[in-house]
Amino acid sequence: MAMESEWVQAEAIEATEFQELAARHYVSGVPNTTINDGAGRVVGSVPEGKLVQELQRILAG
Amino acid sequence: MADLLNDQIKGQVRDVFAEMQAPVQVLFFGQKDNCAYCDDTQQLVTEVVGLSDQLEMSVYDLAKNADVAALYNVDKAPGLVLAGKSGDALVDYGVRYAGIPSGHEFSSLINDLLRVSSGDSGLDVKTREYLKGLEEPVLLQVFVTPT
């Protein structure tokens, strides 16, 4: 997604190396995607449409 | 230190990299202290980059090269940026890794290198259209583990 918009940055974070950050975002299973520092979240490996839905939900407000 | 990748894996990765037609620059950010996986990550990326003529690596220190880190929004070590190239200029797509890309993440890294090289995200047309319309910053942080 980051490739398609200059506004989007994507970071794959190894949760066991960055446990504090993972804990702050209540990551208990992986993959777990947080959007804009917790404004949105998608748990598990989901189709891209689900991630778009979550983006639409948090960016609309 | 012995290589992290065995010959079989190297052969497989070299085969998939053969389709790569455009260069990718991997920016590695390490730090001297308090970084359990910096050395292994630097070695792993060095070995991967060695498997294709299209790949290059540059090595930075998160503290000493704070200006470069800031430019690419890197705040963790080990950190990686996968950047495309336009002539000599780097094209930052905003694709980053924090932590060692081993296990499952190793295949993600290989796939992302191919995507950045081709410039094709592989996403649905609808998703692309939505993303093209964005006008505010979005930070996706995908928490993963090697297993």
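Above: the structure in question.
### Topic: the sheet that holds strand E2 (residues 32-35) of chain A
Inference 1: Taken in spatial order, the eight strands make up an open sheet running E3(A)-E2(A)-E5(B)-E1(A)-E4(B)-E3(B)-E1(B)-E2(B), and their pairing is mixed. Two strands close off the open sheet at either side, each with one partner strand: strand E3 (40-43) of chain A together with strand E2 (55-61) of chain B. Across the sheet, the mean angle separating the axes of adjacent strands is 25° when strand polarity is ignored.
Inference 2: Strand direction decides the pairing type here: E2(A) and E3(A), joined by four bridges, are antiparallel. Residue pairing for E3(A): Ile35(A) is matched across the bridge by Gly40(A).
Inference 3: On top of the sheet, helix H2 (residues 48-60) of chain A reaches E2 and E3 of chain A together with strand E5 (138-144) of chain B; it is set at about 160° to E3(A), its chief contact.
Inference 4: Against the sheet, helix H4 (residues 104-118) of chain B makes contact with strand E1 (8-14) of chain A together with strand E1 (24-30), E2, strand E3 (79-86), strand E4 (89-98) and E5 of chain B, and its axis sits at roughly 20° relative to E3(B), the strand it touches most.

### Re the layout of surface pockets
Inference 1: There is about 1000 Å³ of room inside the largest pocket.
Inference 2: Along the wall of the largest pocket there are 34 residues; nearest its centre are Leu51(A), Ser108(B), Asp112(B), Arg115(B) and Val142(B).
Inference 3: Broken down by secondary-structure element, the contributors of at least two residues to the lining of the largest pocket are E1 and H2 of chain A together with E4, H4 and E5 of chain B.
Inference 4: With seven residues, H4(B) is the single largest residue contributor to the lining of the largest pocket.
Inference 5: Grouping the amino acids of the lining of the largest pocket by side-chain chemistry returns 18 nonpolar, ten polar and six charged.
Inference 6: A volume near 160 Å³ is recorded for the second largest pocket.

### Considerations on the interface of chain B and chain A
Inference 1: Each partner contributes residues to the interface: chain B has 40 residues there, and chain A has 34 residues.
Inference 2: Across the interface of chain B and chain A, roughly 3900 Å² is buried in total on both sides, 58% from carbon and sulfur atoms.
Inference 3: Where chain B touches chain A, the interface holds three salt bridges.
Inference 4: The closest approach of N and O atoms between Glu11(A) and Lys76(B), which form a salt bridge, is 3.0 Å.

Criteria and cut-off values
Residues numbered from 1 in each chain as written. Chains lettered and ligands numbered in written order. Predicted model: local features only at pLDDT ≥ 70, side-chain atom pairs only at ≥ 80, totals over all residues. Heavy atoms only, no water. Pairing = 2+ DSSP bridges. Helix = DSSP H or I, 4+ residues; strand = E, 2+ residues; numbered from the N terminus. Axes fitted to C-alpha atoms, helices over the stretch in contact; angles between N-to-C directions. Contact = heavy atoms within 4.5 Å. 1 Å grid on protein atoms, 1.4 Å probe; cavity = no way out; pocket = protein on both sides within 12 Å on 5 of 7 lines; lining within 4 Å. Points joined across faces, edges and corners; volume = space filled by probe spheres on them. Nonpolar A, V, L, I, M, F, W, Y, C, P; charged D, E, K, R; others polar. Buried area = accessible area lost by both parts, 1.4 Å probe. Salt bridge = Lys/Arg side-chain N within 4 Å of Asp/Glu carboxyl O.

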